[in-house]
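So you can see what is in the structure, the chains are spelled out below.
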Amino acid sequence: MEARKLLVDFLREDLELIGTHVGCEHGVCGCCTIFLNGRTARSCLMFAVQANGAEIMTIEGLAKDNKLHPIQEGFRDHHGLQCGFCTPGMLMTSYELLHDNPSPTEDEVRKAISGVLCRCTGYKQVVDSVMAAAGMMKRG
């Protein structure tokens, strides 16, 4: 592997995990967000070799045994996605939020997702989706 290959490119090209999107390539848009050692990270801002030995989860890791994660169900049920380009970043960011804070307020959701740019939804549906997911996760 080329030492200068970005992690996002390694995930997409070498591992064929194409759910992680390439957007701005400057870490601004958030569509390349993954979980790296239990925290969100922008995969366009690091080289793949920097992740050697790290625990990585991409959007593909949310669903288990062909069952959607409650966050994915919330986005589906409350129309939290439109074109889908920002969706991986929104889902991974929401996953981290609900892991850290299982009962967020709408303002806390808005703050958490503020680093992921969406040009389609106006964010209301995203907030509604995350709030619904929090409720589903509480109920088990």
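Residues numbered from 1 in each chain as written. Predicted model: local features only at pLDDT ≥ 70, side-chain atom pairs only at ≥ 80, totals over all residues. Heavy atoms only, no water.

Novice: I would appreciate a short explanation of the packing of aromatic side chains in the present structure.
Specialist: Each aromatic ring pair is specified by the distance between its two centres and by the angle formed by the two planes. Within the structure shown, the criterion is met by 1 aromatic pair. On the numbers, 5.1 Å between centres and 80 degrees between planes, the contact of Phe35 with Tyr95 is edge-to-face. Pair noted here: Phe35 is in strand β1 (residues 33-36) and Tyr95 is in helix α3 (residues 87-100), with a separation of 60 residues, a long-range link. By relative accessible area, which is 8% here, Phe35 ends up buried. A relative accessible area of 22% means that Tyr95 is categorised as partly exposed. (Phe/Tyr/Trp six-rings, centres within 6.5 Å; stacked < 30°, edge-to-face > 60°. Helix = DSSP H or I, 4+ residues; strand = E, 2+ residues; numbered from the N terminus. Buried < 20%, exposed > 50% of the residue type's maximum accessible area, 1.4 Å probe, protein only.)

Novice: How should the nonpolar core be read in this particular structure?
Specialist: Across soluble globular proteins, you tend to see nonpolar side chains buried next to one another. If you look at the biggest cluster of nonpolar residues, it comprises 21 residues, and the most contacted ones within it are Phe75, Met90 and Val130. In contact with Met90, other than residues within four places in its own chain, are Phe75, Ile113, Val116, Cys118, Tyr123 and Val126. Membership of the second largest hydrophobic core comes to 9 residues, among which are Leu7, Leu11, Leu36 and Met46. (Core = buried A, V, L, I, M, F, W, Y, C linked by side-chain atoms within 4.5 Å. Contact = heavy atoms within 4.5 Å.)

Novice: Would you mind going over the environment of Glu16 with me for this structure?
Specialist: Along the chain, Glu16 falls in the loop between α1 (7-14) and β1. In this structure Glu16 comes out as exposed when scored by relative accessible area, which is 64%. C-alpha separation for the pair Glu16 and Met137, spaced 121 residues apart in sequence, amounts to 30 Å.

Novice: It is not clear to me how the pairing of strand β2 (residues 39-42) should be interpreted in this structure. Could you clarify?
Specialist: Regular strands have side chains that alternate between both faces of the sheet. Strand direction decides the pairing type here: β1 and β2, joined by 4 bridges, are antiparallel. Bridging from a neighbouring strand, Phe35 pairs with Thr40 of β2. In textbook terms, the turn of a hairpin is the stretch between consecutive antiparallel strands, and for β1 and β2 this stretch comprises 2 residues, one of which, Asn37, has a positive phi near 50 degrees. (Pairing = 2+ DSSP bridges.)

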